[in-house]
Every structure is written in structure tokens, then in C-alpha cells.
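Observations on chain architecture
Residues per chain are reported as follows:
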Amino acid sequence: MPLSRRTLLGSAAVAAAAPFAISSLALAQDASPVAEDPSAPGYGIIRVRALSTPELNQAVFPDVMYRFLPQTTAIPGYFGYLFAFENENPAASLTMTLLADEAATAEADEVAKDYVAGLDPRLTPETPLAEQGPVRIWEATNRPASEAPPHLTGCQVTFRHRINTAETDIEAIIQTVRDELIPTLREMDGFVLYGWLGTPDGRISFNIWETAEQLATGDAAVAEFVAANPVVTMDGTTEVYTGTIGFADVLGTGSI
């Protein structure tokens, strides 16, 4: 089944019937996750999962909404969830779960493991990317929710996974991103979200744009920033995953 906006909108109608929590999130200003601040996400879980066919990937989406998401939103410290269909491989999906602290993250991870273990065998995925850790940067648009599709359906999301070198000064990179990159992105058309997740050996940046064209423009701005800043070091190549959002409730009620 080809992925289309009509397909996504139909799936979003199914998703809307599932119970979910809406939370208000803010930029983490400190070097560590701000778990003590109830308005900010402290930790995140990012997964890329692949099935054997695009049809099965479409089939798992409503199952996630009805069975997995209600269990996850019931976890104390739940902040938000995102599900997207990967653009390059329509048999794969991108997910992100946002939580308050490490305890909530551990509980959410167990919920996810139990959910995957109980899937119809046809829907059991491979997982080429599985990372979790503290949210180090969170910068969201302040535009009203009425300016974007409900639950960001049809918007574009990118995960960039980078491995740190032994010489990487992660605090210097984060400060440079906040000072030089984020102000540029916030002024661009279609900007929705830019954030960072720390991992044991690197980091994952994630960003959301309203359209594919705007995402491409934003990606070009990120690439230009990286090329111009020697402080942004990494080991090897960057893993990049881009997807079309089927459902997201990561931005709270006051912004898109």
C-alpha cells in the first residue's frame, strides 16, 4: 500500500479514538535533564523498527494506538509519543517516547518489550536503531495548534544518530547549537521542533517540519551549520532516518 496523506489521515482518525496524554514541554536549559521541572521532558526513547512489507507497517499502526499507547500514557511521568512512517523504507517506522525521568523511562521500556513480545508474529519487527537517554535540548515553536494538522499528522520528522569521538566536547556542541543553530531554525517557515537526546556513546538530534520541502530546507541549514563549526565532532558517518508522522502528542496544548 503506498503511503499517502489520505492513508495517514485515515489512520489518524483511528488514533484519535485512543486515550492519550497531552503535556506541556519546555527547553531544558541545564547541562543535565531537568527531571525536577514538571514542564520539561527529562528522558526519551527512540526506536526505528522495520517489518517485512509496507502493508504490515500500516497494520501495526492502529494496533500501537489501541494497545501500546494507552499502557504507555498510564505510566507516571509520561510526556508524549510520536509514530512516523519512514520515507525511504515504507516498511519501517520511527517512534519517540518522552518521559519525566529515568524511572519512567525504565517502566516505558518494559511496556514496549512486553508489547513487542505479544505481537502477532507477522508484526514482530527488527530494530535497527534503539537508543534512550536524557533530553539535552528541547526547542519548540510557539505558533498556535490551529496552524498545523491535528497530532502533526503528515508533518516530517528526522532522527540523526551520531557517535562521539574521544575528543568530543558535548557541552560545547550543545551551547553552540543553542546559540547559533536554533535561532536560525526558529525563523524558518514550517519549523515545529528541534531537540537532542544523549546516548551512552553519542547523541540523536530530532526535528519536525510541516512539509517535506521545509524539512529539506531545514536539513540544508543543519548541514551548513555542522560544516561551519569544527566543534561539532563525530566518529564515522551520521545515521539519518526521515519519516512522515502518523500521530504525535509531543508539544502540549498551547503550540503545534
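Preceding block: the structure.
Analysis parameters
- Residues numbered from 1 in each chain as written.
- Predicted model: local features only at pLDDT ≥ 70, side-chain atom pairs only at ≥ 80, totals over all residues.
- Heavy atoms only, no water.
- Helix = DSSP H or I, 4+ residues; strand = E, 2+ residues; numbered from the N terminus.
- Areas by Shrake-Rupley, 256 points an atom, 1.4 Å probe, with all protein chains shown as cover.
- Pairing = 2+ DSSP bridges.
- Axes fitted to C-alpha atoms, helices over the stretch in contact; angles between N-to-C directions.
- Expected span 1.5 Å × (residues − 1).
- Buried < 20%, exposed > 50% of the residue type's maximum accessible area, 1.4 Å probe, protein only.
- Arc of directions from axis to C-beta.
- Contact = heavy atoms within 4.5 Å.
- Polar contact = N/O pair within 3.5 Å; in protein donor to acceptor, adjacent residues only side chain to side chain.
- Parallel < 35°, antiparallel > 145°, perpendicular 65-115°, else oblique.
- Left-handed = near helix turned anticlockwise from the far one by under 90°.
- Nonpolar A, V, L, I, M, F, W, Y, C, P; charged D, E, K, R; others polar.

1. Considerations on the overall build of the chain
Counting secondary structure elements, the chain contains five helices and eight strands. For the chain, the exposed surface amounts to about 10800 Å²; the carbon and sulfur share of it is 54%.

2. A closer look at the sheet that holds strand 2 (residues 78-86)
With antiparallel pairing, eight strands are arranged side by side around a closed barrel as 1-3-2-8-5-7-6-4. Adjacent strand axes in the sheet meet at a mean angle of 30 degrees when their direction is disregarded. The pairing of strand 4 (residues 126-140) with strand 6 (residues 191-199) spans five bridges and is classified as antiparallel. Residue pairing in the sheet places tryptophan 138 in a bridge with glycine 195 of strand 6.

3. Some points on the pairing of strand 4
Here strand 1 (residues 43-50) pairs with strand 4 via seven bridges, running antiparallel. Bridging across to strand 4, alanine 50 finds its partner in glutamate 126.

4. Things to note about helix 3 (residues 102-117)
With 16 residues, helix 3 should cover 22 Å at 1.5 Å per step; its first-to-last C-alpha distance of 22 Å lies within 8% of that length. Within helix 3, burial applies to Ala104, Thr105, Ala108, Asp109, Val111, Ala112 and Tyr115. Down the axis, helix 3 shows its buried residues gathered within 160 degrees of arc, on one side only. Residues Glu102, Ala103, Asp114 and Ala117 are exposed on helix 3 and point more than 90 degrees away from its buried face. On its buried side, helix 3 packs onto strand 1, helix 2 (54-73), strand 3 (92-99) and strand 4. For helix 3, the N-terminal cap is aspartate 101; the gap from its side-chain oxygen to the backbone nitrogen of alanine 103 is 3.3 Å.

5. Observations concerning the packing of helix 2 against helix 3
At a minimum axis distance of 10 Å, the contact between helix 2 and helix 3 shows a crossing angle of 140 degrees. Of the possible angle classes, the one that applies to helix 2 and helix 3 is oblique. Regarding helix 2 and helix 3, the two cross each other, and that crossing is right-handed. Touching Val60, Asp63, Val64, Arg67, Phe68, Gln71 and Thr72 of helix 2 are Val111, Ala112 and Tyr115, all from helix 3. Classifying every residue of the contact of helix 2 with helix 3 gives six nonpolar, two polar and two charged.

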